[in-house]
Amino acid sequence: MIIKNYLWNVFKKTSLNRNFELSVFEYVKQKKINLPTYLSAGQETISASISEICKQKKIKPLIFGQHRCHSIYLSFGGHLDRLILELLGSKYGCTYGMGGSASIHCKEINMFGHDGHMGTQVPIGTGACFQSKKPTVVFMGDASAEEDYVLGALGWASTKKLPILFIVEDNNLSILTEKKIRRNWNMHEVARSFKMKGFNISDDPEEIFKYKKFFFKEPMLLNINTNRLFWHSGAGIDSDKIFDRYKILMKKVGKKSILYDKKINQSMNKKWKKISEQL
Ligand SMILES: Cc1ncc(C[n+]2csc(CCOP(=O)(O)OP(=O)(O)O)c2C)c(N)n1
Ligand SMILES: [Mg+2]
């Protein structure tokens, strides 16, 4: 029962994330959004699962995301209207229209906006956790994990046994360069070499759920393999042969998911239209 509720809740969040990204895709394509925009479509179950586990544990963590962070904001309860306003450049956006897609910042959900330098959120998030001792989730891409200052931060988190969770959203790409061209080592093994728990897993919410017992009890790194459905930045498709976790999850939770998805899609489209017409 617990796992059934969990899966349905993760599905609902993933559906919100996916339909949000589909709307953004259209607005970027039509040049109604003109800022650099980083779509998290394909990767949505990661933040949906992590946030759902935090909710079950009644923990409201500090959140440090990277540039691909719409799903993180929505999964952790960020206000939908304020993210739409942010992407449309309004001062009423969650980051007062100053962050855009890449630097979503939101005090209400303890989410700290990214500064644009790959991987800096890792030492900054580790420092925030060290100072406050508050449960902290730091998201990074598989390429950002390669920055030298990330390694120093992992070592410190391990030494001080911080209540921190490092999530590598491993889409195998740094813009268009695959991991195997960039390195011959793995992030979960790097974490283990620093004497912290490190695991290499898929973006299947059920698999992520298995690690919840370690959340915030000690530092842990989950390298989560996933797929980016769209271009690195902007609205386009590199390949249509990409595995889509959302579709698998829809099947897993049953037929009611199809109706739910339709409903969210319709209300999302209406919301974007209404808000953009009011500006
Ligand atoms: C220090 C630094 N180097 C290079 C860049 C340019 N850059 C922006 S995003 C990116 C790739 C990021 O890949 P990854 O961390 O895997 O995240 P993803 O885009 O795949 O989600 C690069 C090279 C940057 N922003 N900062
Ligand atoms: Mg990547």
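Residues numbered from 1 in each chain as written. Chains lettered and ligands numbered in written order. Predicted model: local features only at pLDDT ≥ 70, side-chain atom pairs only at ≥ 80, totals over all residues. Heavy atoms only, no water.

## Some points on the overall build of the protein chain
- A tally of helices and strands in the protein chain yields 11 helices and eight strands.
- The globule rule puts the C-alpha radius of gyration for 279 residues at 19 Å, and the 18 Å found for the protein chain is close to it.
- Oriented by its inertia axes, the alpha-carbon framework of the protein chain measures out at about 50 × 40 × 40 Å.
- Within the protein chain, buried positions represent 55% of all 279 residues.
- A total of about 13100 Å² of accessible surface is found on the protein chain, and carbon and sulfur atoms cover 57% of it.
- One finds the centroid of the 44 positive side-chain charges in the protein chain at a distance of 7 Å from the centroid of its 26 negative side-chain charges. (Helix = DSSP H or I, 4+ residues; strand = E, 2+ residues; numbered from the N terminus. Rg over C-alpha atoms; globule rule 2.2 N^0.38 Å. Buried < 20%, exposed > 50% of the residue type's maximum accessible area, 1.4 Å probe, protein only. Areas by Shrake-Rupley, 256 points an atom, 1.4 Å probe, with all protein chains shown as cover. Lys, Arg positive; Asp, Glu negative; His and termini not counted. Charge placed at Lys NZ, Arg CZ, Asp CG, Glu CD.)

## Points about helix H5 (residues 121–132)
- Between its first and last C-alpha, H5 extends 16 Å over 12 residues, near the 16 Å set by a 1.5 Å rise per residue.
- Here H5 has its buried residues at Gln121, Val122, Gly125, Thr126 and Cys129. On an axial view of H5, the arc spanned by its buried residues comes to 125°, and they lie on one face.
- Packing partners of the buried residues in H5 comprise strand S1 (62–64), strand S3 (136–141), helix H6 (148–159) and strand S4 (164–170).
- Lysine 133 occupies a position one or two residues after H5 and carries a positive phi of about 60°. (Expected span 1.5 Å × (residues − 1). Arc of directions from axis to C-beta. Contact = heavy atoms within 4.5 Å.)

## Some thoughts on the coordination of the magnesium ion (ligand 2)
- The magnesium ion (ligand 2) binds to the protein through Asp142 (OD), Asn171 (OD1) and Leu173 (O); the donor distances cover 2.1 to 2.2 Å.
- Mapped onto the sequence, the residues coordinating the magnesium ion (ligand 2) show the spacing D-x28-N-x1-L. In this pair, aspartate 142 is assigned in the loop between S3 and H6 and leucine 173 in strand S5 (residues 173–174), connecting sequence segments 31 residues apart.
- On the accessibility criterion, aspartate 142 (1% relative accessible area) is buried. (Donors = N, O, S within 2.8 Å, 3.2 Å for Na, K, Ca; no water.)

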